[in-house]
Amino acid sequence: RRMHAHKGLGSRHITCAAYSAQGESIVATYSEDAIYLFANVDNPVPGKYLQKYEGHLNEMTVKGVNFFGPKSEFVVSGSDCGNLFFWDKDTGEVVQMLHGDRDVVNCLEPHPHLPILATSGIDSDVKVWTPTRAQPESEEGFKERLQRQAKTNHHSVRATRRVQMLQAAMEQM
């Protein structure tokens, strides 16, 4: 079986893929692109995906992606911005963004039965995430924080692409 989010991917490639707990779907993250949810079916149609998850950065290093929750209710991934993103699997909405590393979050692995997540970046630490009883962030505060991060990520992507274009132009000289 071959599953593709796009017909013409160019330099984009899958950096990680994972099965849901029940095996009915597969989530895949593409370099310089979003994360896509595919149905685990025979004869998939190229370009057909169930959901798209956006907001993280996957440009500099290989990013992991996985399902989270006892019934794979969430999709989770690291980012070049140092954050850990959680999306609602069905709606594609970012439901949580946590600061996971000062540089980048690459790898993540949920516990098979408990609400625990292990992550790592490019440093030498493994971080273990567990639920706390702390006061939850307000919805307004979360949306503001998410918007600020989206602007930062957008500027970072544009700057990276400008550098790549300049490098390509210099190589042609």
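All values reported here derive from a predicted model rather than from experimental measurement.

Draft legend 1. Structural view of the packing of aromatic side chains. With the rule as written, the count across this model stands at 5 aromatic pairs. Centroid distance Phe 85 to Trp 87: 5.7 Å. Interplanar angle 20°. Geometry classified as stacked. Classification of Trp 87 by relative accessible area gives buried; the value is 0%. Members of the aromatic cluster, each reached through a chain of ring pairs, are Tyr 30, Tyr 36 and Tyr 49.

Draft legend 2. Seen up close, the pairing of strand S3 (residues 35-39). Taken across its 5 residues, S3 has 4 buried, putting it largely inside the fold. Pairing geometry for strand S2 (residues 25-30) and S3, over 5 bridges, is antiparallel. From the neighbouring strand, Ile 26 faces S3, where its bridge partner is Phe 38. Where S2 hands over to S3, the hairpin turn is made up of 4 residues, of which Glu 32 adopts a positive phi near 55°.

Draft legend 3. Seen up close, the sheet that holds strand S9 (residues 107-110). Across the sheet, which stays open at both edges, the 3 strands sit in the order S9-S10-S11 with antiparallel pairing between neighbours. On the outer flanks of this sheet lie S9 and strand S11 (126-129), each paired with one strand and no other. Pairwise comparison of adjacent strand axes, ignoring direction, gives a mean angle of 20° for this sheet. Sheet topology places strand S10 (residues 117-120) next to S11; 4 bridges connect them, and they run antiparallel. Residue Ser 120 lies in a different strand from S11, and its bridge partner there is Val 126.

Draft legend 4. Layout of the pattern of salt bridges. Going through the model one piece at a time under the given rule, you end up with 6 salt bridges. Between Lys 52 and Glu 54 there is a salt bridge, and its shortest N-O distance comes to 3.6 Å. Salt-bridge contacts for Lys 127 lead to Asp 123; the nearest nitrogen and oxygen are separated by 3.4 Å. The class for Asp 123 is partly exposed, based on a relative accessible area of 23%. Overlapping salt bridges, with partners in common, bring together Asp 101, Asp 123 and Lys 127 in one network.

Draft legend 5. Spotlight on the pairing of strand S1 (residues 14-19). Pairing between S1 and S2: 5 bridges, direction antiparallel. Each residue of the ladder has a partner; that of Cys 16, found in S2, is Thr 29.

Draft legend 6. Spotlight on unusual backbone geometry. Non-glycine residue Ser 72 carries a positive phi angle of around 55°. With respect to the helices, strands and loops of the structure, Ser 72 is situated in the loop between strand S5 (65-68) and strand S6 (74-77).

Draft legend 7. View of the sheet that holds strand S4 (residues 51-53). Spatial ordering of the open sheet is given by S1-S2-S3-S4, a layout of 4 strands whose pairing is antiparallel. The sheet terminates laterally at S1 and S4, the two strands that pair on one side only. Strand after strand, the sheet turns through a mean of 20° between neighbouring axes, direction not considered.

Draft legend 8. Spatial organisation of the nonpolar core. Within the largest apolar cluster, 14 residues are counted, with the highest numbers of intra-cluster contacts made by Val 27, Ile 35, Tyr 53, Val 75, Phe 85 and Trp 87. For this core, the elements supplying multiple residues, two or more each, are S3, S5, strand S7 (83-88) and strand S8 (94-99). Apart from the residues lying within four places of it in its own chain, the contact partners of Ile 35 are Val 27, Ala 28, Thr 29, Gln 51, Lys 52, Tyr 53, His 56, Val 65, Val 75, Ser 77 and Trp 87. Val 76, Phe 86, Val 105 and Leu 117 belong to the second largest nonpolar core, which has 7 residues in total.

Draft legend 9. Focus on the confidence of the model for the chain. On average, residues of the chain score 79 in pLDDT, and 80% of them reach the 70 mark or higher. Mean pLDDT values for the elements of the chain range from 63 in helix H1 (residues 139-172) up to 94 in S5.

Rules used throughout
- Residues numbered from 1 in each chain as written.
- Predicted model: local features only at pLDDT ≥ 70, side-chain atom pairs only at ≥ 80, totals over all residues.
- Heavy atoms only, no water.
- Phe/Tyr/Trp six-rings, centres within 6.5 Å; stacked < 30°, edge-to-face > 60°.
- Buried < 20%, exposed > 50% of the residue type's maximum accessible area, 1.4 Å probe, protein only.
- Helix = DSSP H or I, 4+ residues; strand = E, 2+ residues; numbered from the N terminus.
- Pairing = 2+ DSSP bridges.
- Axes fitted to C-alpha atoms, helices over the stretch in contact; angles between N-to-C directions.
- Salt bridge = Lys/Arg side-chain N within 4 Å of Asp/Glu carboxyl O.
- Core = buried A, V, L, I, M, F, W, Y, C linked by side-chain atoms within 4.5 Å.
- Contact = heavy atoms within 4.5 Å.
- pLDDT = per-residue confidence, 0-100.

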